[in-house]
Protein chains: 2
Amino acid sequence: MNIRTFTLTLACLGAGFMAFAQQKITQTSPDKSIVLEVETTKDGAPAYSITHQGTKILALSRLGLVTREANYASGMKLDTFYTGTQDYTWQTVWGEEESIRDHHNLLKTIWKTSKGQSIAIQFRVFNNAVGFRYELPGDSTVVILDEKTEFALTADHTTWWAPSDWDSNEHTYSNTKISQIDATKHLTDIEPFNQFIPDVRAVQTPVVMKMANGVHVAIAEAALVDYGALHLKADREKFRFSAFVVPTADSTVKSVNKLPFHTPWRTVLINANAGGLLTNRTILNLNEPCPLEGDVSWIKPQKYVGIWWEMHVGKGSWDYQKDGVPHGKHAANTQNVKKYIDFAAKYGFDGVLVEGWNKGWEAWFNTMKPEVFDFTDPYPDYNMSELAAYAKSKKVRIIMHHETSAAVPSYERQMDDAYAYMRRFGMNSVKTGYVGYIQPKGEWHDGQRMVNHFNEVARRTYLNQIMVDMHEPVRPSGLHRTWPNYMASEAARGMEYNAWSKGNAPSHVITLPFTRLLGGPMDYTPGIFETRMNTYDPKKKEIIQSTVANQLALYVTMYSPLQMAADLPENYEKRLDAFQFIRDVPVDWSETRVLNAEIGDFLTVARRERGKNNWFIGSITDETARTLDITLDFLQAGKKYEATIYADGKNAHYQDNPYPVEIRKVQVTKGNKLALKLAAGGGCAIAIRQL
Amino acid sequence: MNIRTFTLTLACLGAGFMAFAQQKITQTSPDKSIVLEVETTKDGAPAYSITHQGTKILALSRLGLVTREANYASGMKLDTFYTGTQDYTWQTVWGEEESIRDHHNLLKTIWKTSKGQSIAIQFRVFNNAVGFRYELPGDSTVVILDEKTEFALTADHTTWWAPSDWDSNEHTYSNTKISQIDATKHLTDIEPFNQFIPDVRAVQTPVVMKMANGVHVAIAEAALVDYGALHLKADREKFRFSAFVVPTADSTVKSVNKLPFHTPWRTVLINANAGGLLTNRTILNLNEPCPLEGDVSWIKPQKYVGIWWEMHVGKGSWDYQKDGVPHGKHAANTQNVKKYIDFAAKYGFDGVLVEGWNKGWEAWFNTMKPEVFDFTDPYPDYNMSELAAYAKSKKVRIIMHHETSAAVPSYERQMDDAYAYMRRFGMNSVKTGYVGYIQPKGEWHDGQRMVNHFNEVARRTYLNQIMVDMHEPVRPSGLHRTWPNYMASEAARGMEYNAWSKGNAPSHVITLPFTRLLGGPMDYTPGIFETRMNTYDPKKKEIIQSTVANQLALYVTMYSPLQMAADLPENYEKRLDAFQFIRDVPVDWSETRVLNAEIGDFLTVARRERGKNNWFIGSITDETARTLDITLDFLQAGKKYEATIYADGKNAHYQDNPYPVEIRKVQVTKGNKLALKLAAGGGCAIAIRQL
C-alpha cells in the first residue's frame with residue numbers, strides 16, 4: 001500500500017464552445033479491446049454504449065440523476081469533456097495479489113441543463129471493464145430523488161441473480177434467462193431475516209451474465225459510500241436493467257448529500273470467460289486508497305476457531321438463562337473458551353471467536369428494543385479478565401463479538417467504550433452482526449443511513465486499530481482497499497444455513513465467488529467435517545451438501561483473509577490427517593490463477609502463499625461428479641515441489657458418503673498435469689510446497 | 001493493583017431516635033494517635049476538631065454545604081452515625097512504593113435539616129491523616145452554591161502557600177505566618193499566564209504548616225472529581241482557613257451535579273516531621289481504584305528527551321513561518337527529530353517529545369480563537385510517516401504533543417481522531433497543554449467544567465491505551481490511582497521559568513515536593529547541564545539557580561514516573577560522566593525513605609529501584625551550603641553494594657560555579673555513614689548497586 005507509481009495525463013480535448021449535441025465521444029481501453037461511446041439522446045439524456053472486441057455488450061443506455069432542484073436525466077446538453085490516462089501499480093496490505101495495476105483511460109463529460117445546472121459523468125475504461133459515476137459540484141446540500149442509469153443488454157443472456165431485497169443479502173442465487181427473472185419463483189426455503197422484496201423483477205448487484213459467445217458480463221458497483229445500494233430492475237422484454245437504488249426512510253428520496261458529491265461507481269466487468277471475473281480487479285481499482293497514513297502492521301490475515309457452530313447445531317446456546325434461571329447450556333463460559341484457546345494454541349490458529357459472551361441474548365431477536373446489548377458487560381460465567389490473561393499466555397487472541405440486534409444508534413453510542421474494552425483485554429478483531437429490523441425504524445438495511453453506518457464502523461475500528469468482520473452489512477463494494485482493517489463480511493447466505501434450512505446446494509459455493517465475492521472477501525466459515533446434523537441432535541435432519549474434501553477446497557476457492565475452521569474441536573481431533581490442510585493453508589496470497597471455471601458448475605483456483613513459493617489449489621464441483629485436468633504451469637521452472645493432495649475418497653458423494661478423503665503426496669514440477677477426480681458435491685485441495 | 005485484601009467492618013452504633021444534639025462523637029485512628037471529634041454547633045452546624053497525640057491540630061471547625069434547595073450549614077440535627085474499619089493493601093501499577101496499605105477507621109454521620117433534607121459527612125481517620133467528604137443522596141440534580149468547610153488552626157503557624165488563582169497553578173510558594181498571607185506581597189516576577197487572583201488572602205491547596213512542636217500539617221484534597229478546586233480563604237486574625245471553591249462561569253454557583261453526589265475528600269495530613277508528609281499515602285488511599293478491569297501492561301514509567309528546551313532558550317521555535325514565509329528556525333523538523341531519536345536510542349531513553357510539530361503555532365497564544373490546532377496536521381517539514389518508521393526502527397517512541405491553547409471544546413471534538421492518529425504512528429504517550437484563557441469563555445481553569453475535562457482526558461486516554469502528561473491541568477489530587485495512565489503533570493512552576501524569568505530560587509525545588517507534589521507526580525523536566533542561558537543567546541541573562549549535581553539529585557527528590565532529560569543532546573555529550581547518572585536512575589520504585597528534610601531548606605530521599613536491590617539517593621539544599629550526614633540503614637544486611645556518588649565539585653556554587661561534579665565510587669554496606677557535602681544551591685546524587 002505504501003509503494004505507488006502514479007502517472008496521470010489529463011488532456012482537455014473538448015473544452016470550449018463546441019457543439020457536441022449530435023456528436024459521439026469515444027474512449028477506448030488501453031488495449032483497445034473495449035470501446036465506450038457516449039452521446040446525447042434526442043430528448044437530451046446522456047447515454048452510453050459498450051463494445052468488446054467488436055461485439056456490442058451494452059446497446060445505447062440512458063444515464064441521469066434527478067434531484068429535488070434539477071433534472072439531470074433529460075433536456076441536457078454536453079458542455080465539455082476531458083480525457084486522460086492513469087497507470088500505476090499499488091501494493092495490497094493483504095489480498096489475492098501482492099500488487100495490482102490500475103491502468104485505464106478516462107473520459108469526463110460535463111453536461112448542463114437548460115437552466116445551466118451542471119453535472120459531470122466520469123468514465124474509466126479498463127482492459128476488462130468500464131466504470132462510471134455521477135459528480136455534482138457545489139457547496140450546499142443535494143436531495144437525490146432518483147437515478148436513471150440503464151444497462152441495455154443485447155440479448156436474453158443466462159443470468160445469475162439474487163432478488164432485490166432492501167433488508168437482506170442472504171438469498172440463494174437463481175440461474176435463469178433475463179426474461180425469466182421472477183422472485184416469486186425463486187427458491188426461498190427459509191425466510192431470510194426481515195426480508196422485504198419491493199419488486200419481484202428486481203435483482204441485487206453484482207448480477208452476472210454469460211453471453212452466447214462465452215463472454216461474461218457482471219454489473220456491480222464500487223465504493224458504495226453515502227448512498228443506497230445499487231439494485232436493478234429488469235425489463236424482461238428488452239433485456240434491460242435500470243438502477244433501482246435502495247431509498248431512505250422517505251421512500252421518495254434516495255439520498256441526501258453534502259456537495260460536492262459523487263455517486264458510487266457503476267461498473268460493467270467484461271471477461272472472455274467466467275474465470276476472468278475472479279481476477280478482474282476493477283472494483284478495487286475504483287475504490288480509494290486509505291486516506292490515513294501510518295502503521296498498518298497491526299492488520300494481519302488470520303485463521304480462527306470459535307464458539308459458534310455448536311450453537312447452530314444445538315449443542316450450546318448464546319443465551320445464559322431462561323426465566324431468570326441459568327439453564328446450563330451457555331456455550332461462552334470460561335471453561336469452554338479455555339478449551340478453544342487450548343485447541344487454537346495447539347494447532348496454530350490466531351484467534352478464538354466467542355459469541356454469546358455478553359448479556360442480552362435472552363431477548364435479542366426482532367424485539368425492536370432500542371437497547372439490547374451492552375458491549376462491556378459479560379455474562380456471569382464468562383470471566384473476561386481471566387480469559388484475557390489465559391489467551392495472552394497461549395499467544396492466542398480472543399475475537400470480540402458485537403451482535404447489535406440492528407439497534408444501530410445503541411451501538412453507535414457504545415462504540416468507543418466497546419473498542420476500548422477490547423484493547424484492555426487484548427482483543428484486536430471484532431465480528432459484528434445486524435440481525436433484526438433496522439433501527440432507526442423506517443430505514444432499510446441497505447439504504448444510505450446503514451451504508452454510512454457500516455462505513456463508519458470500518459473507519460472507527462481502523463482508528464482503533466481493530467480488524468472487523470461484518471456479518472449482515474450491506475454487501476461489499478471493494479471498500480477493503482480504503483479500510484484494509486475491514487477484513488471480511490458475510491453479507492450472503494453462509495455456512496450457517498446448512499444447520500437449520502434446506503441448506504446450500506453444491507452449486508451455491510460455486511456461484512458466490514462470481515457474484516457476492518466480486519465486492520470483497522466472505523467469511524463463509526468453511527471446514528465442517530461432521531456434515532450430518534443428526535450427529536449433534538438426532539432430531540435434526542439437515543445435512544451439508546458437501547464432501548469433506550469439498551470443505552477443504554473452500555479455503556482456496558472462497559477467498560478471505562479471515563478463515564474460520566468452523567467445526568467443533570473434537571471433530572477435528574478425530575481427523576487430524578485431513579485437518580492438516582486447514583492448518584497449512586495460508587490466508588494471504590501473492591498471486592491467484594483460476595485454472596478452470598463455470599459458474600455454479602465447477603471451479604479450480606490456485607494461489608501462491610504470500611512471500612513464499614508454495615501453492616495451494618482448491619477445486620470444487622456441483623452435484624455432478626467430474627474429473628478436471630489441470631496443468632501446473634504456474635510453478636517455477638527448475639524447482640522441485642511436493643504436492644499433498646486431499647481428494648474425495650472412494651465412492652464419496654455429498655448425499656450419502658461425504659467423509660472419505662484420500663490423502664497422498666507426490667513430487668511435482670512445472671508443467672506436470674494432474675487429473676482431479678471430484679465426487680458429486682465433492683472437491684480436491686492440494687498443498688504444494690517447494691522442496 | 002490486582003492483589004487486594006479487603007476487610008470492612010461497618011457497625012451501626014447510633015441509628016435510631018437518639019438525641020445527639022449535645023453529644024460529641026469520637027473516632028480515633030487505628031493506632032489511637034489521632035482523635036476526631038464531631039459535634040453540632042449551637043446554631044445547628046456540623047463541626048469537627050482534631051487532636052494528635054494530645055495536641056490540638058484543629059479547633060472546632062464548622063462544616064456544611066449550601067445548595068439551591070437546602071442549607072446544610074446550620075439549623076441541622078445529627079440523625080444517625082455509623083462507624084467501621086477498613087484495612088487492606090493494594091498494589092501500585094507504578095509509584096514510590098510497590099504496595100500501599102489503607103488502614104483507617106470510618107465515621108459516617110447523617111444530618112437532617114428542619115425540613116427533613118438529608119446530607120451525610122463521611123470521615124476516615126488514618127494514623128497520619130483525617131479525610132472527610134460530603135455526600136448528598138437523591139436521583140435528581142443539585143446546584144451547590146457554597147461549601148462552608150473550616151480548618152481552624154490553633155496558632156499562627158509557619159506556612160508554605162501559593163496564592164489562590166482561578167486560572168494558574170504556576171506561582172512560587174511563599175513562606176510566612178498565617179497572619180502574613182497576602183498575595184500583594186507575594187513574589188510574582190513574571191505574570192503567570194492568565195492569572196486571576198480573586199482574593200489576596202486566599203491560598204491554593206495543598207497548603208502546608210509547621211507547628212511549634214515540629215508537627216507538620218497539610219490541608220489538601222483528594223479525588224477532585226466533578227467539582228471546583230479547593231482553595232482556602234485565610235482569616236489572618238483567627239488562623240482559620242475556610243473553603244473557597246473555584247466557581248463555575250456563574251460566580252454564584254460552585255457546581256451542578258447529578259445526585260447521588262459526593263464532594264472530593266478534604267484531607268488534613270498530620271506528620272511528626274516534614275519528611276513524613278512525603279511518604280503519607282492518604283491522598284492516594286482516598287482515591288478510587290481504576291473502575292476498569294483489564295490489561296495495564298501498556299502503562300510504563302519512562303525517561304525521555306525532546307524538542308523543547310531549545311525553544312525555551314531561543315535556539316529554535318515552535319512556529320514554522322512568519323507572514324507566510326518559513327523562517328528556518330522551526331525545531332520540530334524531520335532531521336532534528338531524527339537527531340533526538342538517535343540520541344535517545346544511543347543512550348537508552350524510551351521517548352522523544354516533539355513540540356511544535358503541528359500547524360497553528362504562528363498565532364496560538366491568547367487569541368481566544370475557537371479553533372487553533374489540528375491534532376492530525378503536521379507542519380510541511382515534519383514527515384510523520386518517515387519519523388514513525390525511523391523511531392520504530394530505533395525502538396524509541398515519539399511522544400505526542402497536544403497544545404490545546406485552552407480551546408477546550410476544539411480539543412474535545414478532535415480527541416478521538418487525535419488518539420487514533422497517535423496509534424497509527426506508533427505513539428502511546430501524549431503531553432497536553434492548556435496555555436491561554438479558557439474556552440468556553442467565562443469558565444475558570446480550575447472550575448468544575450475544566451476539572452471534568454481533565455478527568456475525561458485521563459479516562460479517554462486510558463480507554464485508548466495512551467499515557468498522558470498534562471501540563472497546565474488543575475493541580476493533581478491523587479487521581480493517578482484511578483487512572484494509572486495519568487503519569488504526571490506540570491501544574492506548577494517548572495523548569496521552563498528558569499529560561500525566561502528571574503527563575504526558581506534554590507528553595508523552590510525543596511518546597512514543591514511538600515506542596516504541589518502531595519497530589520501527584522510532577523513533570524518538572526530536570527537535568528539541565530548548561531545552566532547559563534547566555535551560552536545559547538548572549539543577550540539572555542537568566543541562570544538556573546542550581547549546580548549540576550543538584551540537577552542530578554532532582555531525579556530522585558522530585559518524584560515522577562516520567563522524567564525528562566531536558567537539556568540539549570550536545571550538552572550531555574560534553575559531560576557523559578555526569579550524564580551516566582541520568583541514564584542509570586530508574587523511574588519506578590519499590591520503596592521510598594526520606595532521610596532528612598526541612599521544607600525549603602534541604603531534602604534527602606532514598607528510593608529502591610522497583611523489583612531490584614539497587615538504591616538511588618538524591619539530596620538538595622537551598623542557597624546555604626551544608627553537610628548532611630546520612631546512614632545507609634536501609635540496605636540489606638550481608639550484601640555488598642557499590643555507590644557511585646555525584647557530588648558538587650570543589651568550590652561549586654549555584655551563582656558563579658555551577659558546573660563541577662565530583663564523581664567517585666565506593667563500596668558500602670548496611671549501616672555505613674556518608675557525609676554529603678552540598679554546595680550553595682547544590683546537591684548530591686548517589687547510585688547504589690548491589691554487587
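What counts, and where the lines are drawn
Residues numbered from 1 in each chain as written. Chains lettered and ligands numbered in written order. Predicted model: local features only at pLDDT ≥ 70, side-chain atom pairs only at ≥ 80, totals over all residues. Heavy atoms only, no water. Domains from an automatic or database assignment. Contact = heavy atoms within 4.5 Å. Buried area = accessible area lost by both parts, 1.4 Å probe. Salt bridge = Lys/Arg side-chain N within 4 Å of Asp/Glu carboxyl O. Helix = DSSP H or I, 4+ residues; strand = E, 2+ residues; numbered from the N terminus. Nonpolar A, V, L, I, M, F, W, Y, C, P; charged D, E, K, R; others polar. pLDDT = per-residue confidence, 0-100. Polar contact = N/O pair within 3.5 Å; in protein donor to acceptor, adjacent residues only side chain to side chain. Buried < 20%, exposed > 50% of the residue type's maximum accessible area, 1.4 Å probe, protein only. Arc of directions from axis to C-beta. Pairing = 2+ DSSP bridges. Axes fitted to C-alpha atoms, helices over the stretch in contact; angles between N-to-C directions. Least-squares fit on C-alpha atoms with pLDDT ≥ 70 in both. Core = buried A, V, L, I, M, F, W, Y, C linked by side-chain atoms within 4.5 Å. Phe/Tyr/Trp six-rings, centres within 6.5 Å; stacked < 30°, edge-to-face > 60°. Right-handed = clockwise from strand over helix to strand, strands pointing away. Parallel < 35°, antiparallel > 145°, perpendicular 65-115°, else oblique.

Student: Is there a simple way to think about the domain arrangement of chain A in this case?
Tutor: Size of an interface: often given as the accessible area lost when the parts come together. All names here are of chain A. Examined at the domain level, chain A breaks down into domain 1 (5-285) and domain 2 (303-585). Centre-to-centre, using C-alpha coordinates, domain 1 lies 33 Å away from domain 2. At the junction of the two partners, domain 1 supplies 53 residues and domain 2 supplies 50 residues. Its largest share of buried area at the contact with domain 2, domain 1 owes to Trp94, Asn169 and Glu170, together 18% of the area lost on that side. Our enumeration of links across domain 1 and domain 2 arrives at one salt bridge. A salt bridge links Arg475 to Glu221, with the shortest nitrogen-to-oxygen separation between them at 2.6 Å. Ranked by the residues each element gives to the side of domain 1 that touches domain 2, the list is headed by helix H1 (residues 274-278), at four residues. For the side of domain 1 that touches domain 2, the class distribution of residues is 31 nonpolar, 14 polar and eight charged.

Student: Teacher, can you tell me more about the confidence of the model for chain A here?
Tutor: Residues and elements named next belong to chain A. In the predicted model, chain A carries a mean pLDDT of 94, and the fraction of residues at 70 or more is 96%. Scored below 50 in pLDDT, residues 1-21 shows 49 contacts in the model against residues more than four places distant or in partner chains. Scoring the predicted complex yields pTM 0.85 and, for the interface, ipTM 0.73.

Student: What is the right way to look at the interface of chain B and chain A in this model?
Tutor: At the junction of the two partners, chain B supplies 18 residues and chain A supplies 18 residues. Interface of chain B and chain A: buried area, both sides summed, is about 1,700 Å²; carbon and sulfur atoms make up 42% of it. Broken down residue by residue, the surface that chain B buries against chain A is led by Arg423, Arg424 and Leu463 of chain B, which jointly contribute 39%. Connecting chain B to chain A are four salt bridges. Here chain B is connected to chain A by 14 residue pairs in polar contact (both at pLDDT 80 or more). Ranked by residues supplied to the side of chain B that touches chain A, first place goes to helix H6 (residues 408-424) of chain B with five residues. Considered class by class, the residues forming the side of chain B that touches chain A number five nonpolar, five polar and eight charged.

Student: Before we go on, may I ask you to explain helix H12 (residues 576-584) of chain B in this structure?
Tutor: Two residues of an α-helix separated by three or four positions point the same way, owing to the 3.6 residues in each turn. Listing the buried residues of H12 of chain B in full gives Ala578, Phe579, Phe581 and Ile582 of chain B. Along the axis of H12 of chain B, the buried residues cluster in a sector spanning 140°; they form a single face.

Student: Just checking my understanding: could you explain the sheet that holds strand S39 (residues 683-690) of chain B for this structure?
Tutor: Whether parallel or antiparallel, the strands of a sheet pair through hydrogen bonds between backbone atoms. Residues and elements named next belong to chain B. Read from one edge to the other, the open sheet built from six strands follows the order S32-S33-S34-S39-S36-S37, with strand pairing classed as antiparallel. Every interior strand has two partners, whereas the edge strands, strand S32 (589-598) and strand S37 (661-668), have only one. Strand-to-strand twist in this sheet, taken as the mean axis angle between neighbours without regard to direction, amounts to 15°. Bridge analysis of strand S34 (residues 615-621) against S39 gives six bridges, and the strand direction is antiparallel. Following the sheet pairing, Ser619 is matched in S39 by Cys684. Along the sheet, helix H10 (residues 548-557) makes contact with S32, strand S33 (602-609), S34, strand S36 (641-648), S37 and S39, crossing S34 at roughly 125°. On top of the sheet, H12 reaches S34, S36, S37 and S39; it is set at about 125° to S36, its chief contact.

Student: When you look at the relation of the copies chain B and chain A in this model, what are you seeing that I'm missing?
Tutor: For the pair of chain copies, the relating operation is a rotation around an axis with a shift along it. For these two chains of identical sequence, chain B goes onto chain A by a turn of 180° and a shift of 0.0 Å along the axis, with RMSD 0.0 Å. In short, the pair behaves as if placed about a two-fold rotation axis. Nearest to the rotation axis, the C-alpha of Asn464 of chain B is located 3.9 Å from it, this being the minimum over chain B. Here 100% of the contact residues of chain B are again contact residues in chain A; the copies associate through an equivalent surface.

Student: Please clarify how the nonpolar core should be interpreted in this entry.
Tutor: Side chains of a nonpolar character, in soluble globular proteins, are inclined to be buried together. With 192 residues, the main nonpolar core has Tyr48, Ile50, Phe241, Trp309 and Phe581 of chain A as its most contacted residues. No fewer than three residues from each of domain 1 (5-285) and domain 2 (303-585) of chain A sit in this core. If you look at the next biggest cluster of nonpolar residues, it comprises 191 residues, including Val217, Ala243, Val246 and Leu269 of chain B.

Student: Sorry, what's going on with the sheet that holds strand S31 (residues 562-564) of chain B here?
Tutor: Residues and elements named next belong to chain B. The strand order across the open sheet formed by seven strands is S30-S29-S28-S27-S26-S23-S31, and the pairing between neighbours is parallel. Looking at the sheet topology across the chains shown, the edges are occupied by strand S30 (486-489) and S31. Between one strand and the next, the sheet's axes are offset by a mean angle of 30°, whatever the strand orientation. Relative to strand S26 (residues 351-354), strand S23 (residues 302-307) runs parallel, the two being bridged by four bridges. Bridge assignment links Tyr304 to a residue of S26, and that residue is Gly351.

Student: Where do I start with the environment of Ala687 of chain B in this structure?
Tutor: Mapped onto the fold, Ala687 of chain B is located in strand S39. Separated by 44 residues in sequence, Ala687 of chain B and Ala643 of chain B place their C-alpha atoms 5.5 Å apart.

Student: Sorry if this is basic, but what is going on with the packing of aromatic side chains here?
Tutor: One pair of aromatic rings is described through two measures. These are the centre distance and the angle between the planes. Residues and elements named next belong to chain A. Overall, the coordinates contain 73 aromatic pairs over all chains when judged by the stated rule. Taking the centre distance of 5.3 Å and the plane angle of 65° together, the rings of Trp166 and Trp444 count as edge-to-face. With a gap of 278 residues between them, Trp166 in the loop between strand S13 (158-161) and strand S14 (174-177) and Trp444 in the loop between strand S28 (429-433) and helix H7 (448-463) connect regions that are remote in the sequence. The pair Trp166 / Trp444 is uniform in exposure class, with both members buried. A ring pair is formed by Phe373 and Phe375, whose centres lie 6.4 Å apart and whose planes are at 40°; its orientation type is tilted. Take Phe375: its relative accessible area is 1%, and that puts it in the buried class.

Student: Quick question: what am I supposed to make of the pairing of strand S28 (residues 429-433) of chain B here?
Tutor: Taken residue by residue, a regular strand's side chains alternate between the two faces of the sheet. All names here are of chain B. Among the five residues in S28, five count as buried, and that is most of the element. Neither face of S28 is left uncovered, since the one carrying Ser429, Lys431 and Gly433 and the one carrying Val430 and Thr432 both have all their residues buried. Across four bridges, strand S27 (residues 397-403) lies against S28 in parallel orientation. The partner of His401 across the bridge, within S28, is Lys431. Each parallel crossover has a hand, and for S27 linked through H6 to S28 it is right-handed. Here four bridges tie S28 to strand S29 (residues 467-470), and the two strands are oriented parallel to one another. Across the sheet, Lys431 pairs through a bridge with Asp469, a residue of S29.

Student: Looking at this structure, I do not really get the environment of Arg459 of chain A. What am I missing?
Tutor: With respect to the secondary-structure elements, Arg459 of chain A resides in helix H7. The exposure class assigned to Arg459 of chain A is partly exposed, which follows from its relative accessible area of 26%. Distance from Arg459 of chain A to Trp483 of chain A, taken between C-alpha atoms, is 6.7 Å for residues 24 residues apart in sequence. Those residues in contact with Arg459 of chain A, other than ones at most four positions away along the chain, are Trp483 of chain A together with Asp417 of chain B.

Student: Can you help me understand H10 of chain B in this one?
Tutor: In terms of burial, H10 of chain B is a largely internal element, 10 of the 10 residues being buried. Restricting attention to buried positions, one finds in H10 of chain B the residues Val548, Ala549, Asn550, Gln551, Leu552, Ala553, Leu554, Tyr555, Val556 and Thr557 of chain B.

Student: Looking at this structure, how should I read the packing of H6 of chain B against helix H7 (residues 448-463) of chain B?
Tutor: Any two packed helices are characterised by the angle at which their axes cross and by the distance between the axes. Residues and elements named next belong to chain B. Contact geometry of H6 with H7 gives a least axis separation of 11 Å together with a crossing angle of 0°. By the angle between their directions, the pair H6 and H7 is classed as roughly parallel. For the pair H6 and H7, the contacting residues are Val408, Pro409, Tyr411, Glu412, Met415, Asp416 and Tyr419 in the first and Arg449, Met450, His453, Val457, Arg460 and Thr461 in the second.

Student: Please clarify how the side chain of Glu591 of chain A should be interpreted in this entry.
Tutor: All names here are of chain A. For Glu591, the location among the structural elements is in strand S32 (residues 589-598). Within the local environment of Glu591, its side chain forms a polar contact with the side chain of Arg593, the two groups lying 3.1 Å apart. Only 2.8 Å separates the side chain of Glu591 from the side chain of Arg608, close enough to count as a polar contact. For Glu591, the contacting residues outside a window of four places in its chain are Glu96, Glu97, Ala606, Arg607, Arg608 and Trp615.

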